[in-house]
Amino acid sequence: MADIWLGLSQAFWLVITFDAELMEITLRSLMVSLSALVIASAIALPLAALLAVRRFRWRRWVIAILNALMGLPPVVVGLIVYVVLSRSGPLGVLGLLFTPTAMVIAQVIIIVPLIASVAHQALRDLWSEYHDLLISMHVTQGQKVATLLWDARRALLTASLAGFGRAIGEVGAIMIVGGNIDNVTRVLTTAIALETGKGEFALALGLGFVLIGLAIAVNLSIHALSRTEVEARW
Amino acid sequence: MSHLLPLTVQGAETTHRGKRLVGPIDLTIEGAGATVIVGPNGSGKTTLLRLLHGAARLTHGEIAWNCPMDEAQLHQAFVFQRPVMLRRTVLENLIYPLKVRGTSKREARKSAVAWAAKIGLSDMIDRSALVLSGGEQQKLALARALITAPKVLFLDEPCAALDGRATREVEVILQAAKQNGTRLILSTHDMGQARRLADEMLFMLGGKIHEFGPADTFFEAAQTASARAFLKGDIVE
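Cut-offs used in this document
Residues numbered from 1 in each chain as written. Chains lettered and ligands numbered in written order. Predicted model: local features only at pLDDT ≥ 70, side-chain atom pairs only at ≥ 80, totals over all residues. UniProt positions renumbered as here; feature names shortened; annotations may be inferred. Helix = DSSP H or I, 4+ residues; strand = E, 2+ residues; numbered from the N terminus. Buried ≥ 20, exposed ≤ 12 C-beta atoms within 10 Å, placed from the backbone. Contact = placed C-beta atoms within 7 Å. Pairing = 2+ DSSP bridges. Axes fitted to C-alpha atoms, helices over the stretch in contact; angles between N-to-C directions. Parallel < 35°, antiparallel > 145°, perpendicular 65-115°, else oblique. Left-handed = near helix turned anticlockwise from the far one by under 90°. Nonpolar A, V, L, I, M, F, W, Y, C, P; charged D, E, K, R; others polar.

Looking at an unreviewed UniProt entry, chain B carries the name L-cystine import ATP-binding protein TcyC, with the source organism given as Thalassobacter stenotrophicus.

An unreviewed UniProt entry lists chain A under the name Molybdate ABC transporter permease protein, with Thalassobacter stenotrophicus as the source organism. Among the UniProt annotations of chain A, the heading Subcellular location (unreviewed entry) holds the following wording: "Cell membrane".

(A) Highlighting the overall build of chain A. Looking only at helices and strands, chain A features ten helices and zero strands. In terms of principal-axis extent, the alpha carbons of chain A reach across some 65 × 50 × 25 Å. Residue burial in chain A is summarised as follows: out of 234 residues, 38% are buried. Once local pairs closer than 6 in sequence are excluded, the contacts in chain A between residues at least 24 apart make up 79%.

(B) Representation of the UniProt feature "domain: ABC transmembrane type-1" (unreviewed entry) in chain A within the structure. Those places that UniProt annotates as "domain: ABC transmembrane type-1" (unreviewed entry) correspond, in this numbering, to residues 26–222 of chain A. Here residues 26–222 of chain A runs as 79% helix and 0% strand, with 18 Å between its end C-alpha atoms.

(C) Structural view of the sheet that holds strand β7 (residues 183–187) of chain B. Residue and element names in this part refer to chain B. Strand order in the open sheet made by the six strands is β5-β6-β7-β3-β8-β9, with mixed pairing throughout. At either margin of the open sheet sits one strand with a lone partner, and together these are β5 (76–79) and β9 (208–214). On average, each strand axis in the sheet is tilted by 15° relative to the strand beside it, whichever way the strands run.

(D) Structural context of the packing of helix α2 (residues 20–53) of chain A against helix α7 (residues 153–168) of chain A. Residues and elements named next belong to chain A. At a minimum axis separation of 9 Å, α2 and α7 run at an interaxial angle of 140°. Looking at the two axes, α2 sits oblique to α7. The element α2 and its partner α7 pack so that their crossing is right-handed. Taking contact as the criterion, the partners of S29, S33, A36, L37, A40, S41 and L45 in α2 are, on α7, L156, S160, G163, F164, A167 and I168. For the contact of α2 with α7, a count of residues per class yields eight nonpolar, five polar and no charged.

(E) Geometry of the pairing of β5 of chain B. Residues and elements named next belong to chain B. The alternating pattern of β5 places Q76 and F78 and A77 and V79 on opposite faces, both of which are buried. Relative to strand β6 (residues 152–156), β5 runs parallel, the two sharing four bridges. Within β6, the position partnered with Q76 by the bridge is V152.

(F) Region of interest: the interface of chain A and chain B. Each partner contributes to the interface: chain A provides 13 residues, whereas chain B provides 14 residues. Per-class residue counts for the side of chain A that touches chain B are six nonpolar, three polar and four charged.

(G) Quick peek at the UniProt feature "transmembrane region" (unreviewed entry) in chain A. Residue and element names in this part refer to chain A. Mapped onto this numbering, the UniProt entry annotates "transmembrane region" (unreviewed entry) at residues 30–53, 65–85, 91–116, 156–181 and 201–225. For residues 156–181, helix accounts for 77% and strand for 0%, while the C-alpha atoms at its two ends are 34 Å apart. A helix fraction of 100% and a strand fraction of 0% characterise residues 201–225, whose end C-alpha atoms lie 36 Å from each other.

Written as structure tokens, this is what we have:
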């Protein structure tokens, strides 16, 4: 119990003194996970809409696999990205291993299935509502997708935020592909793992509370920006 | 101005899992006015409408408009029994069909505002369409269908869930559309409505057309026994 109080007070002091190192790794955490969120949403949301709208042969299989991949173990993703990006790997020439870019790539792979699955559920329901009308209006495939994405935007926001939550709290993959290098690829989660390993529980806990606060702050600000739940409409 | 009509249907059938839902249908629809489809539940009214509109699969036979199919589809609209509301505001619902056709934003907005006034929803244009009452939603669906000035408008029991006043409001809009040259093809259970709107009557039973002809003849001297029984209010199966 004492450790927790110590951690809380550590977190408090780290935050109000604008500790330089804390600011740096917090910002890096944010940059990596927000980049992953934007890229993954750009892939997953249109994919989810296409899966809802189009009927093709392997559709059910794709959806089932996507659902299964929601539980993709980050460590394994990290390992695979590591092998692909390592010097002797197929993309080794890019020299991306142990950079924040590699961390973004790993996180994108981890959260695309999650965002796509959750988004697909919402879009499928909306599509069953809209189907007859849009078919009757002879809208193009692209217009269907755009209409669904726009009208389901609040549900899609939830899907994206779930993805962000998984990305910002993830440690296994970014530890492997980022390497937890001080000043280069160290982020909140890898720093927590490191401090815990060193026995610095109070500092680790302090970082942990900062991480939780960060996740809450991002969620709240996105909700505020998109005015969800403001107009009690849909 | 292109001419959609006459619409010629020959031996048209639609089947689902080996079961024939409607057909074979032979039918020619031409001229102006309104064709009203009546018949008991499950007689295939909805499926026939969807078939003519191209929303149900044609498994046999032929449906031909007096112009290429994609052009014909551009000049039709469909109003469903239960109105489908886009999760947007009233105004955005009205703008939507114009927007997908590439009408400019300003023009679409102008036309949408005018239509909102026509259906008495001017005060509601910035409200969500989902908070409207059933009658208001159906009027909105009707305006959304008419805003593109379709040459043929299909309506599937448009007043099934509406009370007398809302029904009258919908019928006023329909009469005006008819005056403006929109060909109406609608189904109904309301024989009063059929008498008020119909120029042509079509009686469906068991997925087939049992009778098709001018409205006066149908109401005064129906040819088939089943149609006479139906008009009398008997339960026809």
